[in-house]
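Below are the chains, spelled out letter by letter.
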Amino acid sequence: GAGVSQSPSNKVTEKGKDVELRCDPISGHTALYWYRQRLGQGLEFLIYFQGNSAPDKSGLPSDRFSAERTGESVSTLTIQRTQQEDSAVYLCASSPWRRVGTEAFFGQGTRLTVV
Amino acid sequence: SQQGEEDPQALSIQEGENATMNCSYKTSINNLQWYRQNSGRGLVHLILIRSNEREKHSGRLRVTLDTSKKSSSLLITASRAADTASYFCATEESSGYSTLTFGKGTMLLVSP
């Protein structure tokens, strides 16, 4: 597709269940980012992929959160045993790597509600 | 962790006025970027300024960067109601990996 695609766009889950969020980056983009945004807040960095390796996992809030990426393609963010505080919009972005830096292209996010 | 801190947190102006938002950061950077977010969903890139640049223009947008003060400003001239959105600065640090770290944002309301 032309842009970053995230699915599902909305997800309601019961506390304690696992959820999997998907991100399809723009073709050819080597860098991929996951962020979390709680209502009315800024973007909280979760994880960064360069290709299929994750040099920076520092933002993952707990061991319930994990992410993987297949090559320079789709990425999945998995949250195990969801808690109510996990409710947020999860945003994915991708960018082509350039030494001088480049803009990131964002998907529309997945709104996760844990009830 | 959050690198950039925008101020003000919220700004309310009339159409036609200029809007200025500021961003401060803590570490050395390769570049600083400004993004816009409507309705709490995807962000749209507005402008990127590199660490060796001091000012950049794009349409009604003007961005300045002062690396000695670790600060940047975004000026929107002749604002329109359609400019109503949240604006975020993001920094790419010069050490380590190319992660983009965002601030908490400024919510801009432009009234007709």
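This text goes with the structure placed above it.
Let me sum up the structure you'll find in this document. (Residues numbered from 1 in each chain as written. Chains lettered and ligands numbered in written order. Predicted model: local features only at pLDDT ≥ 70, side-chain atom pairs only at ≥ 80, totals over all residues. Heavy atoms only, no water.)

Residues and elements named next belong to chain B. Its place among the elements puts Arg 36 in strand β4 (residues 29-37). Arg 36 sits in the buried class, given a relative accessible area of 17%. Those residues within four positions of Arg 36 in sequence are excluded, and the remaining contacts are Gly 42, Leu 43, Val 44, Leu 46, Ala 82, Asp 83, Thr 84, Ala 85, Ser 86 and Tyr 87. (Helix = DSSP H or I, 4+ residues; strand = E, 2+ residues; numbered from the N terminus. Buried < 20%, exposed > 50% of the residue type's maximum accessible area, 1.4 Å probe, protein only. Contact = heavy atoms within 4.5 Å.)

What follows deals with unusual backbone geometry. Of note, the bond from Ser 7 of chain A into Pro 8 of chain A is cis; its omega dihedral lies within 30 degrees of zero at -10 degrees. When you line up the elements, Pro 8 of chain A lands in the loop between β1 (5-7) and β2 (10-13). Following Asp 7 of chain B, the chain continues into Pro 8 of chain B via a peptide bond in cis, with omega recorded as 0 degrees. Among the structural elements, Pro 8 of chain B can be located in the loop between β1 (5-7) and β2 (10-14). Of note, the phi angle at Lys 70 of chain B is positive, near 50 degrees, even though the residue is not glycine. By the element assignment, Lys 70 of chain B lies in the loop between β7 (61-66) and β8 (71-76). The backbone of Ala 78 of chain B sits at a positive phi, close to 45 degrees, despite the residue not being glycine.

In this section: the nonpolar core. Within soluble globular proteins, side chains that are nonpolar generally end up buried alongside one another. Counting 21 residues, the largest nonpolar core has Met 21, Leu 32, Trp 34, Leu 74, Ile 76, Tyr 87 and Leu 108 of chain B as its most contacted members. Of all the secondary-structure elements, those providing two or more residues to this core are β2, β3 (19-24), β4, β5 (43-50), β7, β8, β9 (85-93) and β11 (106-111) of chain B. Sequence-distant contacts of Leu 74 of chain B, defined by excluding residues within four places in its chain, comprise Ala 19, Thr 20, Met 21, Trp 34, Leu 46, Leu 61, Arg 62, Val 63 and Tyr 87 of chain B. With 19 residues, the next largest nonpolar core counts Val 19, Leu 32, Phe 49 and Cys 92 of chain A among its residues. (Core = buried A, V, L, I, M, F, W, Y, C linked by side-chain atoms within 4.5 Å.)

Once that is clear, we can look at the interface of chain A and chain B. Contacts between the two partners involve 26 residues from chain A and, on the opposite side, 21 residues from chain B. Summing both partners gives a buried area of about 1900 Å² for chain A against chain B, and 50% of it is carried by carbon and sulfur. Connecting chain A to chain B are zero salt bridges. Contributions of two or more residues to the side of chain A that touches chain B are made by β4 (31-37), β5 (44-50), β6 (53-56), β9 (88-95) and β11 (110-114) of chain A. In terms of residue class, the side of chain A that touches chain B is built from 12 nonpolar, 11 polar and three charged. (Buried area = accessible area lost by both parts, 1.4 Å probe. Salt bridge = Lys/Arg side-chain N within 4 Å of Asp/Glu carboxyl O. Nonpolar A, V, L, I, M, F, W, Y, C, P; charged D, E, K, R; others polar.)

Residue and element names in this part refer to chain B. In spatial order, the strands read β1-β3-β8-β7-β6; together these five strands make up an open sheet with antiparallel pairing. Each of the sheet's edge strands pairs with one partner strand only, and the pair in question is β1 and β6 (55-58). Across the sheet, the mean angle from the axis of one strand to that of its neighbour is 15 degrees, orientation sign disregarded. Where β1 lies against β3, three bridges are found, and the strand directions are antiparallel. Each bridged residue has a counterpart across the sheet, and for Glu 5 the counterpart in β3 is Ser 24. (Pairing = 2+ DSSP bridges. Axes fitted to C-alpha atoms, helices over the stretch in contact; angles between N-to-C directions.)

Glancing now at the pairing of β9 of chain B. Residue and element names in this part refer to chain B. Along β9, eight of the nine residues are buried, which leaves the element largely enclosed by surrounding structure. Where β9 lies against β11, three bridges are found, and the strand directions are antiparallel. Bridging across to β11, Ala 85 finds its partner in Leu 108. Across three bridges, the pairing between β9 and strand β10 (residues 100-102) is antiparallel. Following the sheet pairing, Thr 91 is matched in β10 by Thr 101.

Residues and elements named next belong to chain B. This structure, assessed with the given rule, holds eight aromatic pairs over all chains. Here the aromatic rings of Tyr 35 and Phe 102 are separated by 5.3 Å at their centres, their planes lie at 55 degrees, and the arrangement is tilted. Here Phe 102 lies in strand β10 and Tyr 35 lies in strand β4, a separation of 67 residues in the sequence. A residue is classified by how much of its surface remains accessible, and Tyr 35, at 0% relative accessible area, is buried. (Phe/Tyr/Trp six-rings, centres within 6.5 Å; stacked < 30°, edge-to-face > 60°.)

Structural measurements only, silent on function.
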